[in-house]
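# Examination of the molecular architecture
Given next are the chains, with one letter for each unit.
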Amino acid sequence: MGRALVIGAIEAGNLSANDVVAYDIETSAVEKLANEHGVSGAASLRELVTTCDTILLCTKPGDVGEVLREIATFGTDPNRILLISVAAGVTISSIENFIFNHARVIRAMPNTPALVGKGAAAFTPGSNATQEDVQFVSSLFASVGKVVEVPEKLMDAVTGLSGSGPGFVYIMIEALADGGVASGLTREKALELATQTVLGAATMVAETGLHPALLKDMVCSPGGTTIAGIAALEEHGFRHAAIQAVEAATKRSIALGQSKD
Ligand SMILES: NC(=O)C1=CN([C@@H]2O[C@H](COP(=O)(O)OP(=O)(O)OC[C@H]3O[C@@H](n4cnc5c(N)ncnc54)[C@H](O)[C@@H]3O)[C@@H](O)[C@H]2O)C=CC1
Ligand SMILES: O=C(O)[C@@H]1CCC=N1
């Protein structure tokens with residue numbers, strides 16, 4: 001996710017590669033980003049924290065505690081740093097507690113389409129985050145897609161919907177293509193048509209402002225093919241499966257925030 005955000009923001013012109021310093025315990029990840037996108041690499045977390053005033057924390061939720069505990073040993077004034085965490089489930093208060101409670105923290109939930117400028121992100125500022133911090137984060141995420149501010153209690157729901165959602169939609173695209181192949185199309189043509197269909201339908205919702213139910217009605221000719229397909233979707237619980245997927249991901253986000261680290 002860190003790569004997607006950094007590359008997306010550089011390509012959008014919001015960040016200059018000269019202003020980005022990357023650190024990862026896997027040095028190959030930093031080398032790849034440095035070689036392909038011109039960012040600098042830090043040799044240690046200490047070097048990163050002493051060099052940068054804004055830290056985009058993109059480790060897995062279970063590694064956040066370890067990273068923050070290490071940062072706390074550097075004796076850096078925590079108020080100097082804006083810490084933006086994208087870790088699923090990890091609460092602002094738990095981050096503040098790790099590095100003293102006057103840290104400037106923003107909890108965010110982006111998604112990987114940020115890489116191509118079509119991300120969907122939400123964020124919640126911690127109580128010490130300034131207006132400038134909020135503007136910086138809004139502008140960073142706006143440069144790679146859409147961004148909304150939400151109360152922290154909704155961040156797990158955002159994680160279940162737009163954070164995890166690309167994974168659900170990829171399965172839908174793959175499954176639509178499978179249906180095309182089952183009906184006789186080549187795999188290549190089926191995938192091309194399935195992808196463009198999802199892109200086109202999403203763009204219709206976004207650009208017409210019409211409710212998806214109304215757009216759905218416009219596709220259904222009386223006695224036609226679409227309503228036959230929709231009847232099959234309903235019979236097999238597609239709508240229920242989509243709701244359950246978002247709810248399961250939301251519950252998992254809550255559980256990640258409640259685990260010890
Ligand atoms: N993958 C996604 O679509 C999204 C992920 N997120 C969040 O982003 C975070 C990262 O997720 P992914 O990118 O999927 O995982 P990932 O496993 O691809 O990336 C995590 C990176 O952290 C590095 N790392 C681990 N411990 C470290 C340490 N102590 N110091 C420095 N680097 C360390 C790993 O080497 C790895 O490169 C998670 O907290 C996740 O909840 C949020 C939104 C979407
Ligand atoms: O699967 C995950 O845990 C991360 C958070 C949201 C999307 N990917």
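Because the structure is predicted, anything quoted here is derived from the model rather than measured.

## Looking at the overall build of the protein
Regarding its fold elements, the protein presents 12 helices and seven strands. The principal-axis extent of the C-alpha atoms belonging to the protein is close to 70 × 40 × 30 Å. Restricting the contact set of the protein to residue pairs at least 6 apart, pairs at least 24 apart contribute 62%.

## Comments concerning the sheet that holds strand E3 (residues 54-57)
Strand pairing in a sheet takes place through backbone hydrogen bonds and is either antiparallel or parallel in direction. Strand order in the open sheet made by the five strands is E3-E4-E5-E6-E7, with mixed pairing throughout. The outermost strands of the open sheet, each flanked by one partner alone, are E3 and strand E7 (145-149). Shown here is a sheet whose adjacent strand axes are inclined to one another by a mean of 25°, direction ignored. By the bridge criterion, four bridges tie E3 to strand E4 (residues 82-85) in an arrangement that is parallel. Paired with Leu57 across the strands is Ser85, a residue of E4. Taken strand by strand, helix H6 (residues 131-142) contacts E4, strand E5 (104-109), strand E6 (119-125) and E7, and its axis lies near 170° from that of E6.

## Structural notes on the nonpolar core
Counting 49 residues, the largest nonpolar core has Val6, Leu57 and Ala108 as the members making the most contacts within it. Counting residues per element, this core draws most heavily on helix H1 (residues 2-11), which supplies five residues. Leave out the neighbours within four places in its chain, and Leu57 touches Val64, Val67, Leu83, Ile84, Ser85, Val86 and Ala87.

## Remarks on the site of ligand 1
Close to ligand 1 lie 21 residues; Met1, Glu26, Asp63, Ala87 and Ala88 are nearest. Take the shell around ligand 1: its biggest share by element is four residues, from helix H4 (residues 61-72). Each residue belonging to the shell around ligand 1 can be placed in one class, and the counts come to 12 nonpolar, four polar and five charged.

## Remarks on the packing of helix H7 (residues 155-163) against helix H12 (residues 238-258)
Packing of H7 against H12 brings their axes to within 7 Å, and their N-to-C directions diverge by 135°. As summarised for this structure, H7 and H12 are arranged oblique, according to the angle between their axes. In terms of crossing hand, the pair formed by H7 and H12 is right-handed. Each of Asp156, Ala157, Thr159, Gly160 and Leu161 in H7 lies in contact with H12, whose residues at this interface are Val246, Glu247, Ala249, Thr250, Ser253 and Ile254.

## A look at the environment of Thr27
Tracing the backbone shows Thr27 in helix H2 (residues 27-37). Taking the C-alpha atoms as reference points, Thr27 and Ser16, 11 residues apart in sequence, are found 21 Å from one another.

## Here's the deal with the domain arrangement of the protein
Quoted interface sizes are often the accessible area lost when the parts come together. Split into domains, the protein comes out as domain 1 (2-151) and domain 2 (165-256). Of the residues lining the interface, six residues belong to domain 1; the matching set on domain 2 comes to five residues.

## Quick word on the environment of Val148
Structurally, the position occupied by Val148 is in strand E7. Accessibility expressed as a C-beta count within 10 Å gives 13 for Val148, which makes it partly exposed. In the structure, Val148 is positioned 46 residues away from His102 in sequence and 24 Å away in space, judged by C-alpha atoms.

## Structural notes on the UniProt feature "domain: Pyrroline-5-carboxylate reductase dimerisation" (unreviewed entry) in the protein
What UniProt calls "domain: Pyrroline-5-carboxylate reductase dimerisation" (unreviewed entry) maps, in this numbering, to residues 152-254. Taken end to end, residues 152-254 is 83% helix and 0% strand, and its first and last C-alpha atoms sit 12 Å apart.

## Looking at the pairing of E7
In this structure, E6 lies alongside E7, joined through five bridges in parallel fashion. The residue of E7 that forms the bridge with Gly119 is Gly145. Following the chain from E6 across H6 to the adjacent parallel E7, one finds a crossover that is right-handed.

## Some remarks on the packing of helix H8 (residues 165-182) against helix H9 (residues 187-208)
H9 packs onto H8 with a crossing angle of 135° between their chain directions and a minimal axis gap of 8 Å. Relative to H9, H8 is oriented oblique. Here the hand of the crossing between H8 and H9 comes out right-handed. Mapping the contact onto sequence places Val169, Met172, Ile173, Leu176, Ala177, Gly180 and Val181 in H8 and Arg187, Ala190, Leu191, Leu193, Ala194, Thr195, Thr197 and Val198 in H9. Classifying every residue of the contact of H8 with H9 by side-chain character gives 11 nonpolar, three polar and one charged.

## A look at helix H11 (residues 225-235)
Sparse coverage of H11 is indicated by the burial of zero of its 11 residues. Directly beyond the C-terminal end of H11, a positive phi value near 70° is found at Gly237.

Conventions and cut-offs
- Residues numbered from 1 in each chain as written.
- Chains lettered and ligands numbered in written order.
- Predicted model: local features only at pLDDT ≥ 70, side-chain atom pairs only at ≥ 80, totals over all residues.
- Helix = DSSP H or I, 4+ residues; strand = E, 2+ residues; numbered from the N terminus.
- Contact = placed C-beta atoms within 7 Å.
- Pairing = 2+ DSSP bridges.
- Axes fitted to C-alpha atoms, helices over the stretch in contact; angles between N-to-C directions.
- Core = buried A, V, L, I, M, F, W, Y, C linked by C-beta atoms within 7 Å.
- Buried ≥ 20, exposed ≤ 12 C-beta atoms within 10 Å, placed from the backbone.
- Near = placed C-beta within 6 Å.
- Nonpolar A, V, L, I, M, F, W, Y, C, P; charged D, E, K, R; others polar.
- Parallel < 35°, antiparallel > 145°, perpendicular 65-115°, else oblique.
- Left-handed = near helix turned anticlockwise from the far one by under 90°.
- Domains from an automatic or database assignment.
- UniProt positions renumbered as here; feature names shortened; annotations may be inferred.
- Right-handed = clockwise from strand over helix to strand, strands pointing away.

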